[in-house]
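Here is what each chain is made of, one letter per residue.
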Amino acid sequence: MESSNLSTLREEAAAAEDEELSPLPPPPPPPSDSASASAFSPDSIPPRPASRLLQKYAPLDWSRFFDKEEDITIPGSNDVFHVYMAGSDGPVVFCLHGGGYSGLSFALSASKIKEKARVVAMDLRGHGKSSTENDSDLSIETLCNDVLAVLKTMYGDSPPAIILVGHSMGGSVAVHVAARKVMPNITGLVVVDVVEGTAMASLIHMQKILSSRMQHFPSIEKAVEWSVKGGPLRNVESARLSVPSTLKYDESKKCYTYRTPLEESERYWKGWYEGLSDKFLSCPVPKLLLLAGTDRLDRALTIGQMQGKFQMVVVRHTGHAIQEDAPEEFASYILNFIGRNRIGPHGVEIPGLLRRSQQ
């Protein structure tokens, strides 16, 4: 949920203005058999084309990037979690989005990762298309239990190799799930732009940051436009994919607003991030930390990184949502992480041992 104050994309705004100011095609000449037809009559005025600005920010279909979607019903409960899936071979890259985002936050990067691995992106409780008995319970314990329940329901007692990838709040959930050590097939952990020190320091300002957001939108297109001009995203294509799933229509106000009321979850914020660095370092799997800036690294992680306890990459020129702003670069880091640690569909593969087994 950590937020960055992103500057308005002047290039995007200028391009949008250029499109709006481009001249419309001239009207057709009046019919030759109607000399008395006025140039100002309704019949002589051509229909106005759809706004190019609205087309630029129109929603995109997720099916161009994921292969399918499913609802995972948790046995013995009324909880139903929505997942997007892509790919058919390799380990499973299980993606957990940040607070206020959705599984479609990973859509663009999934279309690249699925070439060499499977991708599952989950809508967490209270987000996207998931529906639970208590959508407002965003405690770290509940979110972790949800992830484990989805993995158990999807894969039973024989899960494939799983690389947990979590962004912001989802990064905290991924760390806590891995730290529980209850699933031996978790073979990798990737945390995206969340560090305990920075996150804890920002909590005092979070309500102000949330209240300063634009709260109501007359259309989905306007919400997408705001997200890249004054909101958390910098990639228009990704925003067109992910932003619609973070909204709901308010019948009483006749406008769109946020699906997840993050300002009401304040009592859980401290639990998301407190002790996160030590938990991350204690996870007994290969680890990758992707950051949008070096200022986000706290003391415990600085020491751990110097000791070689995890791999760290700083991704320049992106905002907080690295997987959305730079999806191809993000996908390459994930695939390189899988290859570097020799993670196959059933776990870490050691070529020498594999050859002897085959013999």
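Residues numbered from 1 in each chain as written. Predicted model: local features only at pLDDT ≥ 70, side-chain atom pairs only at ≥ 80, totals over all residues. Heavy atoms only, no water.

Caption draft 1: View of the packing of helix 5 (residues 169-180) against helix 9 (residues 266-273). Interaxial distance between helix 5 and helix 9 falls to 9 Å at its minimum, and their mutual angle equals 55°. In this view, helix 5 runs oblique relative to helix 9, as classed from their interaxial angle. As for how helix 5 packs across helix 9, the hand of that crossing is left-handed. Facing helix 5, whose interface residues are Met169, Ser172 and His176, helix 9 presents Gly271, Trp272 and Tyr273. Of the residues belonging to the contact of helix 5 with helix 9, the class tally is 3 nonpolar, 3 polar and no charged. (Axes fitted to C-alpha atoms, helices over the stretch in contact; angles between N-to-C directions. Helix = DSSP H or I, 4+ residues; strand = E, 2+ residues; numbered from the N terminus. Parallel < 35°, antiparallel > 145°, perpendicular 65-115°, else oblique. Left-handed = near helix turned anticlockwise from the far one by under 90°. Contact = heavy atoms within 4.5 Å. Nonpolar A, V, L, I, M, F, W, Y, C, P; charged D, E, K, R; others polar.)

Caption draft 2: Structural detail: unusual backbone geometry. Phi is positive for Lys254, close to 55°, though the residue is something other than glycine. When its relative accessible area of 56% is taken as the criterion, Lys254 is described as exposed. If you check the backbone angles, His317 has positive phi at about 65° while not being a glycine. Looking at the element boundaries, His317 is found in the loop between strand 10 (311-314) and helix 12 (322-325). His317 gets classed as exposed once you look at its relative accessible area, which sits at 76%. (Buried < 20%, exposed > 50% of the residue type's maximum accessible area, 1.4 Å probe, protein only.)

Caption draft 3: Just helix 6 (residues 196-211), in detail. A rise of 1.5 Å per residue sets the reference length of helix 6, with its 16 residues, at 22 Å; its end C-alpha atoms lie 23 Å apart and thus fit the reference within 8%. The largest bend in helix 6 amounts to roughly 60° and is located at Ile204. Of all the positions in helix 6, only Glu196, Ala199, Ser202, Leu203, Met206 and Leu210 are classed as buried. (Expected span 1.5 Å × (residues − 1). Bend = angle between axes of the 7 residues up to and from the residue.)

Caption draft 4: Representation of the pattern of salt bridges within the structure. Summed over all chains, the structure comprises 12 salt bridges. Asp79 is the partner of Arg125 in a salt bridge, and the nearest nitrogen-oxygen pair spans 3.4 Å. Of the two residues, Arg125 is situated in the loop between strand 4 (118-122) and helix 4 (140-155) and Asp79 in the loop between strand 1 (68-73) and strand 2 (80-86); the sequence distance between them amounts to 46 residues. Where salt bridges share partners, they join Asp79, Arg125 and Asp146 into one cluster. (Salt bridge = Lys/Arg side-chain N within 4 Å of Asp/Glu carboxyl O.)

Caption draft 5: Just empty space enclosed by the protein, in detail. Here the structure, examined in full by the defined rule, presents 1 cavity of 30 Å³ or more. By volume, the largest cavity amounts to about 50 Å³. As for the largest cavity, its lining consists of Val175, Val191, Val194, Val195, Glu196, Leu276, Ser277, Phe280, Leu289 and Leu301. Sorting elements by how many residues they give to the lining of the largest cavity places helix 10 (residues 276-282) first, with 3 residues. Classifying every residue of the lining of the largest cavity by side-chain character gives 8 nonpolar, 1 polar and 1 charged. (1 Å grid on protein atoms, 1.4 Å probe; cavity = no way out; pocket = protein on both sides within 12 Å on 5 of 7 lines; lining within 4 Å. Points joined across faces, edges and corners; volume = space filled by probe spheres on them.)

Caption draft 6: Spatial organisation of the side chain of Ser102. On the secondary structure map, Ser102 appears in the loop between strand 3 (92-96) and helix 3 (107-113). The exposure class of Ser102 is buried, given its relative accessible area of 1%. Non-local contacts of Ser102, meaning those with residues more than four positions away in its chain, are made with His97, Asp123, Gly128, Ser242, Ser245 and Thr246.

Caption draft 7: Highlighting the sheet that holds strand 9 (residues 287-291). Sheet architecture is open: 8 strands sit in the order 1-2-4-3-5-6-9-10, paired in mixed fashion. Across the chains shown, the open sheet's two edge strands, defined by having one partner strand only, are strand 1 and strand 10. The average undirected angle you get between the axes of adjacent strands in this sheet is 20°. Inspection of the sheet shows strand 6 (residues 186-192) paired to strand 9 by 4 bridges, in the parallel sense. Across the sheet, Val191 pairs through a bridge with Leu289, a residue of strand 9. (Pairing = 2+ DSSP bridges.)

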